[in-house]
Amino acid sequence: RRRRPLDRLSVPRNPTPLNERLAVLVNLSPIADDIGARPESLLTWSARNIREAPTAQLGAADLMSWFQQWPWLLILDGFDEVASPFARNLVQNQIVNLFIEADTRASDLLTVITTRPQGYENDFALPGVEHMTLKPLDTTEALAYSSRFAGQHFGQDVLQRAKTLQRWTTPANA
């Protein structure tokens, strides 16, 4: 059995899906910039932005179809970067609406919303929502993680890996 990252956490969660999850990363800051001028759902916004790519032919209906058929890992990055209280409220409502849509359609949706703790006021205190705080790493742990990350990310590019590690090591040892 392949070990999954969440296996070591002792939090209640849904059973592991039989299919791999479709991973989707959405940066929330651009949505916040658009949401006042063009209110739309997160799926519609995502489909529109994918469709604007030169070779993409994807619509909101396609995403909704995938949303119903496949398990998703949806990463909503940068909730803290939505600075305007008005836009933050609209973005939060769109996220909650997405949760309701997923529940209505019995979709298999695992969502991770990233935010810094400063200014977060339990905005997503909903049934089934788990709040997790990342443990700060000491210097030794951070450098060990950085080394593993660089090894995975740069693979056989030894020069780029060493250059990146040097950028992380110098400030850590200062």
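Here is what the cut-offs are and how they apply
Residues numbered from 1 in each chain as written. Predicted model: local features only at pLDDT ≥ 70, side-chain atom pairs only at ≥ 80, totals over all residues. Heavy atoms only, no water. Helix = DSSP H or I, 4+ residues; strand = E, 2+ residues; numbered from the N terminus. Buried < 20%, exposed > 50% of the residue type's maximum accessible area, 1.4 Å probe, protein only. Contact = heavy atoms within 4.5 Å. pLDDT = per-residue confidence, 0-100. Salt bridge = Lys/Arg side-chain N within 4 Å of Asp/Glu carboxyl O. Pairing = 2+ DSSP bridges. Axes fitted to C-alpha atoms, helices over the stretch in contact; angles between N-to-C directions.

Draft legend 1. Examining the overall build of the chain more closely. What the chain contains, in helices and strands, is six helices and three strands. Mapped from its N terminus to its C terminus, the chain presents α and β elements in the order β-α-α-α-β-α-β-α-α. Burial analysis of the chain (174 residues in total) assigns 24% to the buried set. In the chain, 62% of the contacts between residues at least 6 apart in sequence involve partners at least 24 apart.

Draft legend 2. Seen up close, the confidence of the model for the chain. Summarising the model, the chain shows a mean pLDDT of 78, and 82% of its residues fall at 70 or more. Confidence drops under pLDDT 50 across residues 1-12; counting only partners more than four residues distant or on other chains, this segment forms 14 contacts.

Draft legend 3. Local environment of the pattern of salt bridges. Under the definition given, this model contains five salt bridges. Put simply, Arg21 and Asp108 hold a salt bridge, and the shortest N to O gap is 2.9 Å. Here the residue Arg21 occupies a position in the segment before β1 (22-27), and Asp108 occupies one in the loop between α4 (85-104) and β3 (109-113), the gap between them amounting to 87 residues. Classification of Asp108 by relative accessible area gives partly exposed; the value is 27%. Linking Lys135 and Glu141 is a salt bridge whose minimum nitrogen-to-oxygen distance equals 2.9 Å. Look at Glu141 and you get partly exposed, because its relative accessible area is 31%.

Draft legend 4. Region of interest: the sheet that holds β1. Taken together, the three strands give an open sheet; going across it, the order is β1-β2-β3, and neighbouring strands pair in parallel fashion. Where the open sheet ends on each side, the last strands, each with one partner, are β1 and β3. Within this sheet the neighbouring strands show an average axis-to-axis angle of 15°, counted without direction. Contacts between helix α1 (residues 28-35) and the sheet are confined to β1 and β2 (72-77), with β1 contributing the most and set at about 55° to the helix.

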